[in-house]
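# Topology and contacts: notes
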Amino acid sequence: MNRRIILAIVYLLALVSHVQAEDKVTINDFSISAGESKTVSIELESDVVYAGFQFDLYLPDGITIEEYSADKERIPESTPLTMTKQEDGSYRFLAAAMDLEEIKGTSGSIIIVKINADSELKSGSLTGYIRKLKLSKTDGTGATYAELYFPITVIEPSTVTAKSYERYYGDDNPDFAFDVEGGALDGTPEITCEASATSPVGTYDIAIKRGTETNFNVTYVKGTLTIKKAPLTVTAKSYTIKQGDALPAFEVSYEGFKNNETEEVLTKKPTISALATKESEPGDYDVTVSGAEAQNYDITYVNGKLTITAPEHVTIPGDANCDEKVNALDIVDIANNMMGMPTSTGNFDEDAADLNNDNVVNSADIVLLVKKLLGAQ
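Residues numbered from 1 in each chain as written. Predicted model: local features only at pLDDT ≥ 70, side-chain atom pairs only at ≥ 80, totals over all residues. Heavy atoms only, no water.

## Brief notes about the packing of aromatic side chains
The condition that has to hold: Here a Phe, Tyr or Trp ring, Trp counted by its six-membered ring, pairs with any other such ring whose centre lies within 6.5 Å, and the pair is stacked when the planes are under 30 degrees apart, edge-to-face when over 60, and tilted otherwise. When accessible area is computed with a 1.4 Å probe and restricted to protein chains, residues below 20% of their type maximum are described as buried, those above 50% as exposed, and intermediate ones as partly exposed.
Under the definition given, this model contains nine aromatic pairs. On the numbers, 5.3 Å between centres and 45° between planes, the contact of Tyr-254 with Phe-257 is tilted. Residue class for Tyr-254 comes out partly exposed when judged on its relative accessible area of 23%. According to the relative accessible area criterion, Phe-257 is partly exposed, its value standing at 22%.

Given below as structure tokens:
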């Protein structure tokens, strides 16, 4: 038999019977979700530098080993590692130092294993065991341990649901968040949405996926972002004209456009009108606006006002009642004014009635008006 093999066997068999407190074999971060495969490391920490080891690894029902390898950072190339499935369901690991090379360092990973959890595995706390642990040094001495155990946490299934939101067209997206039901997360899911401030009105998916979450037993449920029409106010402008003047070209102003848009985005322009003509009596008239349409805007309207004022009166000598005519009726109305009675039109122009310009309206003005009318004939 090869001398190196004989020595390796001797080293494994020549073990001390007492337990050294400084030796510690553990499996780090052994939490797993049902249906998950993950890689964990078996670590050896000791004040003693060993050259080889052997142990049986017992895992609970529903958890199996898919792959294994020696950690080359600590296990020399000349030290082969084997794994054998035992009749009791355990996994026997053996590393024999063929060239009597020692394991590098006194702490850290020695074996890397890929663990698989059955999809039907129930959540909770389980226990794994390392039994028949034998550690050997190059001088043939070593240590043995009857049993070391380590906890295994089967993570509770979780449902992560992206929250749904509403916003107006043109606004920025909210800060998306999510709700969790079931087991706690160990990481942060990633949330994305294709909608932006310029996206048109509609409903968009809020996608959620694993991100940095390490729990594989998680169901992800998308949310929705509903973009509503942005409020847009169309206001009719107000105007003032004199009776008899032409009506103005009515215009409107807008408040609420988004994304630097203008009235060009309207699919239908507003209609502006007023229930008045240039001959309408002096007063205030509504300037109404309606009928605009747009894909991304909810439109409201504010009426304007058209104020029609009385035309400026032009004084015509003799036209005392301001009807723009000089006739016998003006004589009557001058007399009525002198007696404190109302005129036929309700108006009276003292300058027009004061024909002799003496700043007094009296019978002398009536005489002059009679002469004016007779002379006109």
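## A closer look at helix H2 (residues 328–338)
Using the following cut-off: By the criteria applied, helices consist of DSSP H or I runs no shorter than four residues and strands consist of E runs no shorter than two, each listed in order from the N terminus. Side-chain atoms alone can form a polar contact between residues adjacent in sequence; in general such a contact is a pair of N or O atoms within 3.5 Å, and within protein one must be able to donate a hydrogen while the other accepts it.
All of the buried residues in H2 are Asp-330, Ile-331, Asp-333, Ile-334 and Asn-336. Residue Asn-327 occupies the N-cap position of H2, its side-chain oxygen lying 3.1 Å from the main-chain nitrogen of Leu-329. Looking at the residues trailing H2, positive phi occurs at Gly-340, about 80°.

## Digging into the environment of Thr-288
In plain terms, the rule: Only heavy atoms enter the contact rule, under which two residues are in contact if any of them lie within 4.5 Å.
One can find Thr-288 in strand E22 (residues 283–290). Spatially, the C-alpha atoms of Thr-288 and Pro-76 are 91 Å apart, while their sequence positions differ by 212 residues. The contacts of Thr-288, once residues within four sequence positions are left out, are Thr-271, Ile-272, Ser-273 and Asn-303.

## Examining the environment of Ala-51
Summarising the element assignment, Ala-51 is placed in the loop between strand E3 (37–45) and strand E4 (52–58). By relative accessible area, Ala-51 is classed as buried at 3%. Here the alpha-carbon distance between Ala-51 and Ile-103, two residues 52 residues apart in the chain, equals 5.2 Å. Look past the residues within four positions of Ala-51 in its chain and what remains in contact with it is Thr-79, Ala-97, Glu-101, Glu-102, Ile-103, Ser-136, Lys-137 and Thr-138.

## Overview of the sheet that holds strand E15 (residues 202–209)
We apply this condition: DSSP bridges decide pairing: two strands pair if at least two such bridges lie between them. Note on method: axes are straight lines fitted to C-alpha atoms, helices fitted across the in-contact stretch only, with angles between N-to-C directions ranging 0 to 180 degrees.
Strand order in the open sheet made by the four strands is E12-E17-E15-E14, with mixed pairing throughout. Two strands bound the open sheet, and with one partner strand each, they are strand E12 (165–168) and strand E14 (190–193). Pairs of neighbouring strands in the sheet enclose a mean axial angle of 25°, with direction left out of account. Where E15 lies against strand E17 (residues 223–228), five bridges are found, and the strand directions are antiparallel. For Thr-203, the partnering residue across the bridge sits in E17 and is Thr-226.

## Some words on the environment of Gly-202
The topology assignment puts Gly-202 in strand E15. The exposure class of Gly-202 is partly exposed, given its relative accessible area of 23%. The spacing of Gly-202 and Phe-250 is 48 residues in sequence and 34 Å in space, taken between C-alpha atoms. In this structure, Gly-202 is in contact with Leu-225, Thr-226 and Ile-227, ignoring residues within four places of it in sequence.

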